[in-house]
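A look at the structure
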Amino acid sequence: MTTVTESAVKELLTRESTVSLRTRFEGSNICTWIGFKHINYLVEEAILYHFAEAGLPARGLHADHGLGVDLIDLDTRILHALYMDETVLARVVPSQVDGADYISFSVSLNGERDGTDTKLITGRAKAVLRLDNFAEEAPEPPAELAPFVSHRLNDPTARVPEAPDLSGVDLAVENTSLSNGRGTTGPDPVLDLLTAGTNSFGWKWRIPYPYCHFSERLQMSSYLRQMEEVVDLFLADRGISVKSLLEERRWIPACPHSRIQILDEALMEEELYTVLTVENVFKDFTYTSRVDYYVVRDGKLLQTATGKVTHGYAKIDNRRDWNLVNFDERVSKALKGEA
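First things first, this report covers the structure right here in the doc. (Residues numbered from 1 in each chain as written. Predicted model: local features only at pLDDT ≥ 70, side-chain atom pairs only at ≥ 80, totals over all residues. Heavy atoms only, no water.)

Here the focus is the packing of helix H2 (residues 36-53) against helix H5 (residues 220-237). Contact pair H2 / H5: the axes reach a minimum separation of 10 Å and the direction vectors enclose 165 degrees. By the criterion of interaxial angle, the relationship of H2 to H5 is roughly antiparallel. The element H2 and its partner H5 pack so that their crossing is right-handed. On H5, the residues touching Phe36, Lys37, Asn40, Tyr41 and Glu44 of H2 are Met220, Ser221, Leu224, Arg225, Met227 and Glu228. Looking at side-chain class alone, the contact of H2 with H5 contains 5 nonpolar, 2 polar and 4 charged residues. (Axes fitted to C-alpha atoms, helices over the stretch in contact; angles between N-to-C directions. Helix = DSSP H or I, 4+ residues; strand = E, 2+ residues; numbered from the N terminus. Parallel < 35°, antiparallel > 145°, perpendicular 65-115°, else oblique. Left-handed = near helix turned anticlockwise from the far one by under 90°. Contact = heavy atoms within 4.5 Å. Nonpolar A, V, L, I, M, F, W, Y, C, P; charged D, E, K, R; others polar.)

Below is the structure:
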């Protein structure tokens, strides 16, 4: 049984930890470079290791105390590319904000570049302990962890805009059945409302159980999957799909920064509305998009997460090297919605 003691919680909240991690084969989609989603997975893995090193592993906390470790904010910057079969040293530094009901972490991933130990990735995250009564009634949380226990996921520091009013919107549209594969990008009345008058793209999709954890809710790593996939669908919709630019120019999307904040809970088999809005195209070199996630519950639109992702384009020189390139007119117009 996982015993929660004052010393274990003190280690969790004050002691730094380091762990050697290896990049995942799955994350190497183009040549041998690792994509931003799997880089974020490494940051998450380092934080879970930190809990375990303090004597508070995620499995034990859930099985013995009904507490689910959930990341509610994950902000990661890629300073240098990571590669397949690469080992990095992750350093996790916890911190606390007075009165905060979450635990903050800063994470760095270091590896060797040209014979020198180099910081490759930096990340910041917030974690909470979600009380779980799904399979059985959870006991009273240990007093040492009680300040970080939540009955519902949300990031109290995030700014949540008021969701659009669904009065008069037809919510009976059935377009996420299995026969529709990946769901729909329209026409859909809720997507139409969420994307009206903006440089946006929307996708409606049914949340499957492999994207959930602790039996019912969408987890942080799955929001990252959504972020990556909505970008893929957006680019295809604008006529510059990943495959087309790979074949025509050997261009691939390159992501230096991503952030996701969970604002509320999205549940298994709900329909998730993911909306990507291009907010800024910087000197035809990078573009930053906001990604917002919603569900409709009890006839009302509920925003469950929001995020930012920055992309540029890299030209593949060979199987080992690439270089960042400027957008040409076709790509720039597509991103700006002018095509």
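A separate point is helix H1 (residues 6-14). Residues of H1 that are buried include every one of Ala8, Val9, Leu12 and Leu13, and no others. Along the long axis of H1, the arc covered by the buried residues comes to 125 degrees, so they all point the same way. Exposed residues lying more than 90 degrees from the buried face of H1 are Glu6, Ser7, Lys10 and Thr14. (Buried < 20%, exposed > 50% of the residue type's maximum accessible area, 1.4 Å probe, protein only. Arc of directions from axis to C-beta.)

Relative to strand S5 (residues 116-131), strand S2 (residues 67-78) is paired through 11 bridges, and the arrangement is antiparallel. Across the sheet, Leu71 pairs through a bridge with Ala127, a residue of S5. Note: strand S4 (residues 103-113) against S5, 11 bridges, orientation antiparallel. Bridge assignment links Phe105 to a residue of S5, and that residue is Ala125. From the end of S4 to the start of S5, which pair antiparallel, there are 2 residues, and Asp114 there has a positive phi angle of about 55 degrees. Both S5 and strand S6 (residues 149-150) contribute to a ladder of 2 bridges, which runs parallel. Across the sheet, Arg130 pairs through a bridge with Ser150, a residue of S6. (Pairing = 2+ DSSP bridges.)

In this sheet, strand S14 (residues 322-325) lies alongside strand S13 (residues 300-316) in antiparallel orientation, the contact comprising 4 bridges. By the bridge assignment for S14, Ala314 is matched with Leu324. Here S13 folds back onto S14, and the loop between the two strands holds 5 residues.

The subject of this paragraph is the packing of aromatic side chains. Taken as a whole and assessed by the stated rule, the structure comprises 9 aromatic pairs. Here the aromatic residues Trp251, Tyr287, Tyr313 and Phe327 are joined through ring pairs into a cluster of three or more. Taking NZ or CZ as reference, Lys126 lies 4.9 Å from the ring centre of Tyr102, over its face. In this arrangement the basic side chain of Arg225 is found over the ring face of Tyr211, its NZ or CZ atom lying 4.4 Å from the centre. (Phe/Tyr/Trp six-rings, centres within 6.5 Å; stacked < 30°, edge-to-face > 60°. Lys NZ or Arg CZ within 6 Å of the ring centre and 35° of its normal.)

Counting 86 residues, the largest nonpolar core has Phe51, Leu61, Leu129, Tyr287, Tyr313 and Leu335 as its most contacted members. Top contributing element to this core by residue count: H5, with 9 residues. Apart from residues lying up to four places away in sequence, Leu61 is in contact with Thr2, Val4, Phe51, Leu56, Gly66, Leu67, Val69, Leu129 and Leu145. Of all hydrophobic cores here, the second largest spans 8 residues; its members include Leu191, Leu194, Tyr273 and Tyr294. (Core = buried A, V, L, I, M, F, W, Y, C linked by side-chain atoms within 4.5 Å.)

This part covers the side chain of Ser332. Mapped onto the elements, Ser332 comes out in helix H7 (residues 329-336). Of the residues examined, Ser332 reaches a relative accessible area of 7% and is grouped as buried. Setting aside chain neighbours within four positions, we find Ser332 in contact with Asp284 and Phe327.

Further remarks concern the pattern of salt bridges. For the coordinates displayed, the defined rule picks out 25 salt bridges. Arg259 is the partner of Asp75 in a salt bridge, and the nearest nitrogen-oxygen pair spans 3.8 Å. Taken together, the residues Asp75 in strand S2 and Arg259 in strand S10 (residues 251-262) connect sequence positions 184 residues apart. Asp75 gets classed as buried once you look at its relative accessible area, which sits at 8%. Overall, Arg259 belongs to the partly exposed group, its relative accessible area being 23%. One salt bridge in this structure joins Asp292 and Arg290, with 2.6 Å as the shortest N-O distance. Each of the salt bridges in this network shares a partner with another, and the network as a whole consists of Asp73, Asp75, Arg124, Lys126 and Arg259. (Salt bridge = Lys/Arg side-chain N within 4 Å of Asp/Glu carboxyl O.)

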